[in-house]
Amino acid sequence: MPEDDVDFLLAPLPSGRHGLTREQVVRSQRARLLRAAVAVAGTEGYAGMTVSAVIAHASVSRKTFYEQFADREDCFLAAYELVMARALSGTRAASALDAPWRDRVRAALAWAIDALARHPYEARVAFAEVLAAGARALERRDQVLREFAQLLAPGVDAAPGEAGLSTAMPTATVGALWELIGGHVRRGHGAELPGLLPDLLYCALAPFLGPVAAAEAAADATPELAAVARGA
């Protein structure tokens, strides 16, 4: 979706004759429904994300909803995938630095936790409500974890030669970070995440670089890095 289309797509459609193509109308309705799903799930939880609540928030008809989605689970999954696609894109962009691997990890983490702190509905969808949305949602979450693990995969090569790390270490490390971050989100403390950058960075680097190098990197990490990463 082109960025310059976002505001247009999320605005209510004008009444009467508007001159919009059918494709524009459908895209607008879908974007508004997905945004509504995130907002409702982020405040009322997946249990409260009924079709009625979503269409009321999106200002569309029930008929329009069912033209786009099979049911509320289908809508939630599409919203979750959109949130996570944007998260992956932003994290990858933040880490695309001409710098040592540990600095790329620091930039990615700083961007991610700053974004989560600034977008509490999306954070709750990603770390809390996906757990309540059924088996299909958990399968999507597992796929997302595998994709995030790719950002840590270079750590296997960056590790000291004698470390003999398993290739499963990136997945295991992402799982641990996911739980640490998710715990804060589920307790309603998402706004505090930027302050956890040193601890999270240590956890991300220690399995690969060892505790001493990870501690040195964490000592250089401050919450202000999140503001820098925001512009990455």
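Scoring rules and cut-offs
Once a new chain begins, its residue numbering starts again from 1 and follows that chain's sequence as written. Side-chain atom pairs in this predicted model are given and counted only at pLDDT of 80 or more, local residue features only at pLDDT of at least 70, and totals for whole chains, interfaces and linings cover all residues. Excluded from the side-chain calculations are hydrogens and water; all other atoms, namely the structure's heavy atoms, are used. The helix and strand labels rest on DSSP assignments: H or I over at least four residues marks a helix, E over at least two residues marks a strand, and numbering proceeds from the N terminus. Every residue pair with non-hydrogen atoms within 4.5 Å of one another is taken to be in contact. As used in this record, nonpolar core signifies buried Ala, Val, Leu, Ile, Met, Phe, Trp, Tyr and Cys residues forming a set joined through side-chain atoms within 4.5 Å. Between buried and exposed lies partly exposed: a residue is buried under 20% and exposed over 50% of the maximum accessible area for its type, with that area taken using a 1.4 Å probe on protein chains only. Expected helix span is given by 1.5 Å per residue-to-residue step, counting one fewer step than there are residues. The definition of a polar contact used here is a pair of N or O atoms within 3.5 Å, where within protein one atom must be able to donate a hydrogen and the other to accept one, and adjacent residues in sequence count solely through side-chain atom pairs. Ring pairs shown here join Phe, Tyr and Trp side chains whose ring centres sit within 6.5 Å, with only the six-membered ring taken for Trp; geometry is labelled stacked below 30 degrees between planes, edge-to-face above 60, and tilted in between. Fitted lines through C-alpha atoms give the axes, limited to the stretch in contact for helices. The angle between two N-to-C directions lies from 0 to 180 degrees. Crossing handedness is defined as follows: a turn of the near helix away from the far one that is anticlockwise and smaller than a right angle gives a left-handed crossing, while the clockwise case is right-handed. All amino acids are sorted into three groups, where Ala, Val, Leu, Ile, Met, Phe, Trp, Tyr, Cys and Pro are nonpolar, Asp, Glu, Lys and Arg are charged, and the leftover types, Gly among them, are polar. Salt bridge, as used here, is a side-chain nitrogen of Lys or Arg placed within 4 Å of a carboxyl oxygen of Asp or Glu.

Details of the environment of L145
Here's step 1: Among the secondary structure elements, L145 is positioned in helix α8 (residues 135-149).
Here's step 2: Residues contacting L145, with those up to four places away along its chain left out, are V174 and W178.

Here we look at the nonpolar core
Here's step 1: Residues F76 and M84 are the most contacted members of the largest nonpolar core, which totals 62 residues.
Here's step 2: In contact with M84, not counting residues within four places along its chain, are A126, V144, F148 and W178.

What to know about helix α5 (residues 72-95)
Here's step 1: Here α5 is 24 residues long and its end C-alpha atoms lie 34 Å apart, about the 34 Å a rise of 1.5 Å per residue gives.
Here's step 2: Sitting at the head of α5, D71 places a side-chain oxygen 3.2 Å from the backbone nitrogen of E73.

Details of the packing of aromatic side chains
Here's step 1: Enumeration according to the criterion identifies 7 aromatic pairs in this entry.
Here's step 2: Here F65 and Y66 contribute two aromatic rings whose centre-to-centre distance is 5.1 Å and whose plane-to-plane angle is 80°, an arrangement assigned as edge-to-face.
Here's step 3: You can call F65 buried: its relative accessible area is 0%.
Here's step 4: The class of Y66 is partly exposed, set by a relative accessible area of 42%.
Here's step 5: Here the aromatic rings of F127 and W178 are separated by 4.6 Å at their centres, their planes lie at 35°, and the arrangement is tilted. With F127 in helix α7 (residues 120-127) and W178 in helix α10 (residues 169-186), the pair connects residues that are 51 residues apart, well separated along the chain. Across the pair, W178 and F127 agree in class, each one buried.

Here we look at the packing of α8 against α10
Here's step 1: Remark: α8 packs on α10, axes separated minimally by 9 Å, with the N-to-C direction vectors making an angle of 115°. Considering only the axes of α8 and α10, their crossing is right-handed. Contacts between α8 and α10 pair R141, V144, L145, F148 and A149 from the former with P170, T171, V174 and W178 from the latter.
Here's step 2: Among the residues forming the contact of α8 with α10, the class breakdown is 7 nonpolar, 1 polar and 1 charged.

Some details on the pattern of salt bridges
Here's step 1: Under the criterion given, the structure shown has 11 salt bridges.
Here's step 2: Among the ionic pairs, E147 bridges to R92, the shortest N-O distance being 3.6 Å. One end of the pair, E147, is in helix α8; the other, R92, is in helix α5, with 55 residues separating them in the sequence.
Here's step 3: According to the relative accessible area criterion, R92 is partly exposed, its value standing at 37%.

Observations concerning the environment of G188
Here's step 1: Its place among the elements puts G188 in the loop between α10 and α11 (197-209).
Here's step 2: On the basis of relative accessibility, which here comes to 62%, the residue G188 falls in the exposed class.
Here's step 3: Distance in space between the C-alpha atoms of G188 and P120 is 8.8 Å, their sequence separation being 68 residues.

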